[in-house]
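Here are the chains, one letter per residue:
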Amino acid sequence: MNPLASRSLVFAALSAVLAAQDPAGLERFLPRSSYATLRFAGLGACKEAAARFGLHQLVTQTLARGGQPLLDQLAGGEVGAGLARMHDGLGVLALDRAALREVLQGEVAFAVGRPTIAAPEQGMPSLLLVVDGTGRRGALDQVVLAIETWTGLAQGGEPAVEEQEGVKVQVHSFGRRATLVKAMAGDVLLVSNSPGMVREALSAARSGRGTIAEEPGYRRARARAGGTPLLHAYANLGVMSRIFEPFLPYEASDLGRALGLQGVRGLSVVAGIGDGTGAEVWSLECDFAQQGILPEMAASQVSGAAARWMPEDAVAVASVRCDGAAIVQGIERIAAALPVPFREESKRGLAAPVDGTGATVRELAGLLGPEITVGATVPLQRTPLPQVVLAFAVRDPQRVVTLLNQLIEARSRRPIRHTTFQGVEIHYLEAGSDQVRVAPAYAVVDGHIVATLQVPNLKAVLARSQKSGEAPKAVPALASLRVDLGAAAAPFWPLVTQQALPQLAAQGYGALADALPGVDEVRAKAGVAEWTLAVDQGGMVLRRKDPLTMGAWLASLGTAVDWALSPAPFGKKVY
């Protein structure tokens, strides 16, 4: 790539860290024809979100307990040296740290659109960056001038100036090597490699029509998430599908009817902080027909009926809709939309006998469902194995027991043993090694196969289920997962601190070692992780609630960047 093109791309990349103020205000500049859009809320929103983030609070409390000695150690170590290098680099670029920090407090929007022939390489996508300088126009102008000076734009030839929608647009052209377009619509900065995309953005902003916010998939994704997210990324699959539709195979329409899928609108991820931890929503926006596999899935839900068999100290519990009969019907519908060879192969597979049972795959699958739930504990010192409980809803339980025992004996070449506990027959198989003896066991209770890795565990589960209260209410989801991060961290935290303390002290960070939190603090701040996968009439939605989401990382990272750009990060200058 030639130097001018490289500088243009660098300018766009550096400008991408600039900010905007109101997301709805910026969306008016994003054309509806955009292939993809991205919004980042900025450092100000990150700091506000981090204040509500449990794990971030734990880190800041730990640093506060370390006090000034810890800050002195950090300032004199690699952290302080890295900050000094960053500050020196900003000085070389003539970027004022205070102005840059002020601009970074707000939001930014970015869009990728249709191809342009004005770019360095003809036919590459149009790129558009939108920045709102409201309330910080002076800082924005200062940062832009510094970037233009460093990239050589300020010393280059005079740009062509044209007026579009009442706005002056500057076009820096370097022949066929590079094009850079810049416009200020009031306090809003637009930067692009495409005059056409800037023209479309200004037209949309002036008329209030033709923006990405009018896309049904975009609107639904925003409504699902609610609130003001730190990040919203959207892929406009409706536009892309219209582009690639002529290249799809003839069978695609038949498959779409079998699935009940009439069209795909968009793919979206919205990330932020909610209820003290990271919150993230992934959604595939679709248009469903009245009948088909996906619309029928939309009517299903996880009942939570098997929760009463899960371990009281379970670290993770997951429930999944797994209806064998529905799965077989779905396979048949999809196969019917495929050419004859695939259809015949599917029929043979479903009619194949399962070894040792005499039943076909179709019959065995039809007995399973409509839900499976599994729970697990963290291995403790009293046992090397985690306690795992599996509860699978079944149809015709006695038939399932017969087939399951036949299948186990045929595969293991060992006899199934039987015992009785509280009037319930337990079936188990002795297995394992001399070091770890296991006896996988299961019993049929209330239309469920309940299984564990050891007979005593199964007896404990059956005894506890008699005393359990009402099961959790059903949730409109195909699958749900809950992980108790505090319970998982507690057994391992003493080991972590025993390993970390000597290493921290040896590296000179004794103050941090002394300030490390205890088990109770870790459990209180870690919280739980919850995942749910649902299907509704608008599409498929994955909701995440855990401290490892993009929103959680952004909240902490944005706060760290703001701290690094502050006048005195350690309470004094580091260079």
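Residues numbered from 1 in each chain as written. Predicted model: local features only at pLDDT ≥ 70, side-chain atom pairs only at ≥ 80, totals over all residues. Heavy atoms only, no water.

Concerning the overall build of the chain
Inference 1: Within the chain one finds 21 helices and 22 strands.
Inference 2: Counted over contacts in the chain with a minimum sequence separation of 6, partners at least 24 positions apart contribute 71%.
Inference 3: Carbon and sulfur atoms provide 59% of the accessible area of the chain, an area that totals close to 28500 Å². (Helix = DSSP H or I, 4+ residues; strand = E, 2+ residues; numbered from the N terminus. Contact = heavy atoms within 4.5 Å. Areas by Shrake-Rupley, 256 points an atom, 1.4 Å probe, with all protein chains shown as cover.)

With respect to the packing of helix α4 (residues 54-76) against helix α20 (residues 519-526)
Inference 1: Contact geometry for α4 and α20: axes closest at 8 Å, N-to-C directions at 145 degrees. For the pair α4 and α20, contact is made by Gly54, Leu55, Gln57, Leu58, Gln61 and Arg65 and by Glu521, Val522, Lys525 and Ala526, respectively.
Inference 2: The residue makeup of the contact of α4 with α20, split by class, is four nonpolar, three polar and three charged. (Axes fitted to C-alpha atoms, helices over the stretch in contact; angles between N-to-C directions. Nonpolar A, V, L, I, M, F, W, Y, C, P; charged D, E, K, R; others polar.)

Focus on the nonpolar core
Inference 1: Counting 22 residues, the largest nonpolar core has Phe29, Leu128, Val130, Val169, Leu190, Val198 and Leu202 as its most contacted members.
Inference 2: Mapped onto this core, the elements with two or more residues apiece are β2 (108-116), β3 (124-132), β5 (167-173), β6 (179-185), β7 (188-192) and α8 (195-207).
Inference 3: Listed in part, the 21 residues of the second largest apolar core include Leu90, Val108, Val131 and Leu140. (Core = buried A, V, L, I, M, F, W, Y, C linked by side-chain atoms within 4.5 Å. Buried < 20%, exposed > 50% of the residue type's maximum accessible area, 1.4 Å probe, protein only.)

Considerations on the pattern of salt bridges
Inference 1: Overall, the coordinates contain 23 salt bridges when judged by the stated rule.
Inference 2: A salt bridge links Arg257 to Asp254, with the nearest nitrogen and oxygen atoms 2.2 Å apart. Here Arg257 and its partner Asp254 are both found in helix α11 (residues 251-259), three residues apart, which amounts to about one turn of the helix.
Inference 3: For Arg257, a relative accessible area of 55% translates into the label exposed.
Inference 4: Assessed through its relative accessible area of 30%, Asp254 is described here as partly exposed.
Inference 5: The partner of Arg395 in a salt bridge is Asp323, and the shortest N-O contact between them spans 3.0 Å. You can see Arg395 sitting in the loop between β13 (388-394) and α16 (397-412) and its partner Asp323 sitting in the loop between β11 (316-321) and α13 (324-336), a full 72 residues away along the chain. (Salt bridge = Lys/Arg side-chain N within 4 Å of Asp/Glu carboxyl O.)

Things to note about the packing of aromatic side chains
Inference 1: Inspection of every chain in the model, using the stated rule, returns one aromatic pair.
Inference 2: Considering the side-chain rings of Tyr218 and Tyr234, the 5.2 Å spacing of their centres and the 85 degrees angle between planes classify their relative orientation as edge-to-face. Taken together, the residues span a long stretch of sequence, with Tyr218 in helix α9 (residues 216-225) and Tyr234 in strand β8 (residues 231-235) at a distance of 16 residues. (Phe/Tyr/Trp six-rings, centres within 6.5 Å; stacked < 30°, edge-to-face > 60°.)

Details of a nonpolar patch on the surface
Inference 1: Together, Ile243, Phe244 and Phe247 make up an exposed nonpolar region whose accessible area comes to about 370 Å².
Inference 2: Phe244 sits in the exposed class, given a relative accessible area of 52%. (Patch = residues over 30% accessible without salt bridge, like charges linked within 9 Å, V, L, I, M, F, W, Y side chains within 5 Å.)

A few points about unusual backbone geometry
Inference 1: A cis amide bond links Gly369 to the next residue, Pro370, at an omega of 15 degrees.
Inference 2: Position of Pro370 among the secondary structure elements: in strand β12 (residues 368-376).
Inference 3: Although it is not a glycine, Glu165 sits at a positive phi angle of roughly 55 degrees.
Inference 4: For Glu165, the position within the fold is in the loop between β4 (160-164) and β5.
Inference 5: Taking relative accessible area as the criterion, Glu165 reaches 33% and is therefore assigned partly exposed.
Inference 6: Phi angles above zero are rare outside glycine, and Asp275 is one such case at about 55 degrees.
Inference 7: Note that Asp275 resides in the loop between β9 (261-274) and β10 (277-288).

Looking at the environment of Leu100
Inference 1: Residue position: Leu100 is located in helix α6 (residues 97-103).
Inference 2: Taking the relative accessible area as the measure of exposure, Leu100 reaches 9% and is therefore buried.
Inference 3: Once residues lying within four places of it in the same chain are set aside, the contact partners of Leu100 are Leu90, Val143 and Leu565.

A few points about the packing of helix α5 (residues 78-92) against helix α21 (residues 550-565)
Inference 1: Packing of α5 against α21 brings their axes to within 10 Å, and their N-to-C directions diverge by 70 degrees. Taken as axis vectors, α5 and α21 run roughly perpendicular relative to one another. Seen from α5, the contacting residues are Val79, Leu83, Met86, His87 and Leu90; seen from α21, they are Trp563, Ala564 and Leu565.
Inference 2: Here the residues of the contact of α5 with α21 are counted per class, giving seven nonpolar, one polar and no charged. (Parallel < 35°, antiparallel > 145°, perpendicular 65-115°, else oblique.)

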